[in-house]
Amino acid sequence: MKRFSRTKRVFSVVCCVLLLAGLCFAAGTKRVEKIDVVYNDVKIVVDGKTIDPKDANGNPVEPFIYNGTTYLPVRAVGEAVGKEVKWDSVTKTVYLGEEISTDDWISQCSPYSYSDRSGKVTTVFDVDNRYVMGGKEYTRGFVFEATNNGSFTLSNLNGIYDTLKVTAGHIDNSAHSDIYVNIYLDGVHSTSYEIEWDALPKELEIPLNGALQLKIEVVGTDMYSHLGMFNGKFE
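It should be emphasised that the depicted structure is a prediction, and the values quoted were computed from it without experimental measurement.

Focus: the overall build of the chain
(1) Moving on: In terms of regular secondary structure, the chain is built from 2 helices and 23 strands.
(2) Moving on: With 235 residues in all, the chain has 37% of them scored as buried.
(3) Moving on: The contacts in the chain between residues at least 6 apart in sequence include a share of 70% that link residues at least 24 apart.

Shown next as structure tokens:
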């Protein structure tokens, strides 16, 4: 076993890209501290196959042990299990696989009321619950039943937002008729959008003008029609 205490001391920065117990971490504040680590020829085996960890430049990276915990290079491990690895230098965040941001309309301003008299509204909060629009999977949003009476959500915006940007489209294989999205601000009709039955998902930029209340109403002529609204963000 090789122990480096004087000649090979590692300066650890919280924003370094490491994998701990199979999870990545995000650094909040920058912290520098001097630590003693142990290099003990740690091998990484994924599904029976030994991997040779390297950094983004192709240089060998050796796992090490610190205070009884083994630290592994996240890029090498992520790629070994088939997960894309991304590093966000602004938020100090490592992403393994799909990059899911919590800075979206659900976390910002989730509706306080849903349609309960006509069309049903299904909330989609996590990556385990996905819907497909235009052949692409979406999550973190809402799926509306586009009935004649319409289905809707109500949100209290507190008068602090100017725009809602959201992707809207037909759920694949759900309908063959056009759907209309009606926007009401403080109880007054503001604008409408037509989503053609054969159109790909659209990026809507909905003016909010500092309104206090937002009502999103979805109306259609086919009771089996379903409209998805995903990846929204209030600005």
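Still more to cover.
Observations concerning the sheet that holds strand β20 (residues 188–195)
(1) Moving on: Read from one edge of the open sheet, 5 strands run β12-β17-β22-β19-β20, paired in antiparallel fashion. On the outer flanks of this sheet lie β12 (113–114) and β20, each paired with one strand and no other.

Focus on the pairing of strand β9 (residues 69–73)
(1) Moving on: Pairing analysis gives 3 bridges linking strand β8 (residues 64–66) to β9, with the strands arranged antiparallel. Its bridge partner lying in β9, F64 is registered against Y71.
(2) Moving on: Between the end of β8 and the start of β9, which pair antiparallel, lie 2 residues, with N67 showing a positive phi angle near 55°.

Brief notes about the side chain of N182
(1) Moving on: As for its placement among the helices and strands, N182 is situated in strand β19 (residues 179–185).
(2) Moving on: Residue classification places N182 among the buried residues on the basis of a relative accessible area of 14%.
(3) Moving on: Separated by 2.7 Å, the side chains of N182 and S192 make a polar contact.
(4) Moving on: Leave out the neighbours within four places in its chain, and N182 touches H189, T191, S192, K215, I216, E217 and V219.

A closer look at the pattern of salt bridges
(1) Moving on: In total, this model carries 5 salt bridges according to the counting rule given.
(2) Moving on: E137 is the salt-bridge partner of R130, the closest N and O atoms lying 3.2 Å from each other.
(3) Moving on: Between K165 and E235 there is a salt bridge whose closest N-O contact spans 3.3 Å. Within this pair, whereas K165 is found in strand β18 (residues 163–170), its partner E235 is found in the segment after β23 (226–234), the two being separated by 70 residues in sequence.
(4) Moving on: Relative accessible area serves as the criterion here: at 41%, E235 is assigned to the partly exposed category.

Quick notes on the nonpolar core
(1) Moving on: Counting residues in hydrophobic clusters, the biggest one holds 28 residues, and the most contacted among them are W105, L164, L208, L214, I216 and F234.
(2) Moving on: Elements with a minimum of two residues in this core: α2 (105–109), β16 (141–145), β18, β19, β20, β21 (202–207), β22 (213–220) and β23.
(3) Moving on: The biggest single contributor to this core is β19, with 4 residues.

What to know about the environment of A56
(1) Moving on: Note on placement: A56 falls in the loop between β7 (49–51) and β8.
(2) Moving on: Judged by relative accessible area, which is 63%, A56 ranks as exposed.
(3) Moving on: Each C-alpha atom, one on A56 and one on R75, is 7.6 Å from the other, the two residues being 19 residues apart in sequence.

A look at the environment of Y131
(1) Moving on: Counting through the fold element by element, Y131 comes out in strand β14 (residues 131–133).
(2) Moving on: Judged by relative accessible area, which is 24%, Y131 ranks as partly exposed.
(3) Moving on: Separated by 99 residues in sequence, Y131 and F230 place their C-alpha atoms 9.5 Å apart.

Calculation notes
Residues numbered from 1 in each chain as written. Predicted model: local features only at pLDDT ≥ 70, side-chain atom pairs only at ≥ 80, totals over all residues. Heavy atoms only, no water. Helix = DSSP H or I, 4+ residues; strand = E, 2+ residues; numbered from the N terminus. Buried < 20%, exposed > 50% of the residue type's maximum accessible area, 1.4 Å probe, protein only. Contact = heavy atoms within 4.5 Å. Pairing = 2+ DSSP bridges. Polar contact = N/O pair within 3.5 Å; in protein donor to acceptor, adjacent residues only side chain to side chain. Salt bridge = Lys/Arg side-chain N within 4 Å of Asp/Glu carboxyl O. Core = buried A, V, L, I, M, F, W, Y, C linked by side-chain atoms within 4.5 Å.

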